[in-house]
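Chain residues, written in single-letter form:
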Amino acid sequence: MTDTEPASPPAAPDPQEIRALVGHRFPGGEYTIAHWENFLLTECTGAQPLPDGLAHPVALFHAPILGANTSIGEMFALGQAESDFSIGIESYDWEIYEPLREELLYRVSAEVTEADRRTEGERTFDRIQFRFDLHDPNGGHAARTTITWHYNRSRP
């Protein structure tokens, strides 16, 4: 290979290695949706602030990940993403059991619930599902987010 030839993408991880991710637990932790944060998130959606300290549900995009003491980068690395551009989003599923509130400390736990190799036509990808659970200070189940990503593989 010369200096001008691009490096080949890495081979995909072994399918068994991907399946072994099921049950992987993230460290977990706590997260509080600050008033200023809720204000900015609400404004970004074009909505009016909710009354009585209610938090906009859009906080469920990031609060569970940060509260579980992980990051999108760590989730990419866990599934051995080939690059930041090799991830495809299948779904974000939000189950809200009680209204989310500003300035309330939520306890967050998270784990990988599904992980497998898929082939659809010419496309090969690893489908990995993450589940995040938020509990209020009294232990009540406040919300669950289930995130499913495709880790696209250029070389099986």
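Shown above is the structure to which this text applies.
Residues numbered from 1 in each chain as written. Predicted model: local features only at pLDDT ≥ 70, side-chain atom pairs only at ≥ 80, totals over all residues. Heavy atoms only, no water.

Colleague: What exactly am I supposed to notice about the packing of aromatic side chains here?
Modeller: Geometry of an aromatic ring pair is reported as the spacing of the ring centres plus the angle between the planes. Tallied over the entire structure, the rule returns seven aromatic pairs. Ring plane angle 20° and centroid distance 6.2 Å describe the contact between Phe-26 and Phe-132, whose orientation is recorded as stacked. With Phe-26 in the loop between helix H1 (15-19) and strand S1 (29-32) and Phe-132 in strand S4 (residues 123-135), this residue pair connects regions lying 106 residues apart in the sequence. Geometrically, the ring pair formed by Phe-61 and Trp-94 is edge-to-face, given 4.9 Å between the ring centres and 75° between the ring planes. Within this pair, whereas Phe-61 is found in the loop between helix H2 (35-45) and helix H3 (63-67), its partner Trp-94 is found in strand S2 (residues 87-96), the two being separated by 33 residues in sequence. Its relative accessible area of 40% is what places Phe-61 among the partly exposed residues. A relative accessible area of 27% means that Trp-94 is categorised as partly exposed. Site record: aromatic cluster; members linked through ring pairs are Phe-26, Phe-76, Phe-130, Phe-132, Trp-149 and Tyr-151. (Phe/Tyr/Trp six-rings, centres within 6.5 Å; stacked < 30°, edge-to-face > 60°. Helix = DSSP H or I, 4+ residues; strand = E, 2+ residues; numbered from the N terminus. Buried < 20%, exposed > 50% of the residue type's maximum accessible area, 1.4 Å probe, protein only.)

Colleague: I keep staring at the sheet that holds S1 and nothing clicks. Help me out?
Modeller: Think of a sheet as strands paired side by side through backbone hydrogen bonds, with each pair either parallel or antiparallel. Taken in spatial order, the five strands line up as S1-S3-S4-S5-S2 in an open sheet, and their pairing is antiparallel. Only two strands of the sheet have a single partner each, and these edge strands are S1 and S2. Taking each pair of neighbouring strands and ignoring which way they run, the sheet shows an average axis angle of 30°. Sheet topology places S1 next to strand S3 (residues 105-120); four bridges connect them, and they run antiparallel. Note on S3: the bridge partner recorded for Glu-30 is Arg-107. (Pairing = 2+ DSSP bridges. Axes fitted to C-alpha atoms, helices over the stretch in contact; angles between N-to-C directions.)

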